[in-house]
Amino acid sequence: MVHERWVAGRRVRILGETLAELIPESARLLDVGSGDGQIPAVIQRSRPDLVVRGVDVLVRPDTSIPVQAFDGERLPFEDQSFDTVMFVDVLHHTEAPLRLLREAARVARASVVLKDHTLKGPLAGATLRFMDRTSNRRYGVALPHNYWSEEKWLSAFDEAGLAIEDWRSRLGLYPWPASLLFERGLHFIASLSVRAT
């Protein structure tokens, strides 16, 4: 498949390297929605100081990190069980992203890092739906196409008790000329600190 050969490996490498920069030293990292676990595995290879676990609604038979099942709404861990909680293209697959953000803020001691999409510019919704279907349909992943504007993300972070430390929207996930269609401000990575309650 063209996506697997042309985009997937590049995406895994770039996201793994970028996210690894945002995770605190010697952190216990929980990856929510791990899928095959390739991205957290890249992170762990470059950051052997990290302890990485994953959870997913659909646990695949072969994963690159340990992954356990969860119900998609409540993380099955005590408060502040991990230093950092990570989401990579997960929240737009849920019916209630804010609920999972609040769960991440509960389970994380220090930070939440995430990669997701922003609904920005002409035909953004159609482009994001196409990317989602191309990448996820064959795995049985839910596709509610729950894309938010940057303003809605910022509001949700605030409601979840999270404060932005770093926001990156130039990720270089796609080679030229595909980047002209599939980048254009539709992706971001954010590092969020957990506010004391």
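Residues numbered from 1 in each chain as written. Predicted model: local features only at pLDDT ≥ 70, side-chain atom pairs only at ≥ 80, totals over all residues. Heavy atoms only, no water.

A. Spotlight on the overall build of the protein chain. Tallying secondary structure elements over the protein chain gives six helices and seven strands in all. Listing every helix and strand of the protein chain by position from the N terminus yields α-β-α-β-β-β-α-β-α-α-β-α-β. With the principal axes as the frame, the protein chain shows a C-alpha extent of 45 × 35 × 30 Å. When each of the 197 residues of the protein chain is scored for burial, the buried share is 52%. Long-range contacts, defined here as pairs at least 24 residues apart, represent 70% of the contacts in the protein chain between residues at least 6 apart. The distance from the centre of the 25 positive side-chain charges to the centre of the 26 negative ones in the protein chain is 5 Å. (Helix = DSSP H or I, 4+ residues; strand = E, 2+ residues; numbered from the N terminus. Buried < 20%, exposed > 50% of the residue type's maximum accessible area, 1.4 Å probe, protein only. Contact = heavy atoms within 4.5 Å. Lys, Arg positive; Asp, Glu negative; His and termini not counted. Charge placed at Lys NZ, Arg CZ, Asp CG, Glu CD.)

B. The arrangement of the sheet that holds strand β5 (residues 108-117) in detail. Strand order across the open sheet formed by seven strands is β3-β2-β1-β4-β5-β7-β6, with mixed pairing between neighbours. Lying at the two open borders of the sheet, with one neighbouring strand each, are β3 (67-69) and β6 (162-168). Going across the sheet, the axis of each strand differs from the next one's by a mean of 20 degrees, ignoring polarity. Bridge analysis of β5 against strand β7 (residues 187-194) gives seven bridges, and the strand direction is antiparallel. What sits directly across from K115, in β7, is I189. The strands that helix α3 (residues 97-107) touches are β1 (28-32), β4 (82-88), β5, β6 and β7; relative to β5, the one it contacts most, it runs at about 150 degrees. (Pairing = 2+ DSSP bridges. Axes fitted to C-alpha atoms, helices over the stretch in contact; angles between N-to-C directions.)

C. Fine view of the packing of aromatic side chains. In this structure the tally under the stated criterion is six aromatic pairs. Taking 5.2 Å as the distance between ring centres and 65 degrees as the angle between the ring planes, the aromatic pair formed by W153 and F188 counts as edge-to-face. Of this pair, W153 sits in helix α5 (residues 150-159) while F188 sits in strand β7, placing them 35 residues apart in sequence. You can call W153 buried: its relative accessible area is 1%. (Phe/Tyr/Trp six-rings, centres within 6.5 Å; stacked < 30°, edge-to-face > 60°.)

D. View of α5. Of the positions making up α5, those classed as buried are W153, A156 and F157. The buried residues of α5 occupy an angular sector of 100 degrees when projected down its axis, which confines them to one face. As for α5, its buried residues are in contact with α3, β5, β6 and β7. Within two residues after α5, G161 carries a phi angle of roughly 80 degrees, on the positive side. (Arc of directions from axis to C-beta.)

E. Region of interest: the pattern of salt bridges. For the coordinates displayed, the defined rule picks out 13 salt bridges. With its nearest N and O atoms 2.7 Å apart, the salt bridge here joins D49 to R47. Among the residues examined, D49 registers a relative accessible area of 28% and is labelled partly exposed. Measuring nitrogen to oxygen at the nearest pair gives 3.1 Å for the salt bridge that ties R109 to D83. Taken together, the positions of R109 in strand β5 and D83 in strand β4 put the pair 26 residues apart, joining distant regions of the chain. (Salt bridge = Lys/Arg side-chain N within 4 Å of Asp/Glu carboxyl O.)

F. The arrangement of the environment of Y174 in detail. Structurally, Y174 is set in the loop between β6 and α6 (178-182). Here Y174 falls in the buried class, since its relative accessible area comes to 11%. Sequence separation between Y174 and F157 is 17 residues, and the spatial gap between their C-alpha atoms is 27 Å.

G. Focus on the packing of α3 against α5. Where α3 contacts α5, the axes come no closer than 9 Å and their chain directions differ by 40 degrees. The orientation of α3 with respect to α5, classified from their angle, is oblique. In the crossing of α3 with α5, the sense of the turn from one axis to the other is right-handed. Residue-level contacts link L98, L101 and R102 of α3 to W153, A156, F157 and E159 of α5. (Parallel < 35°, antiparallel > 145°, perpendicular 65-115°, else oblique. Left-handed = near helix turned anticlockwise from the far one by under 90°.)

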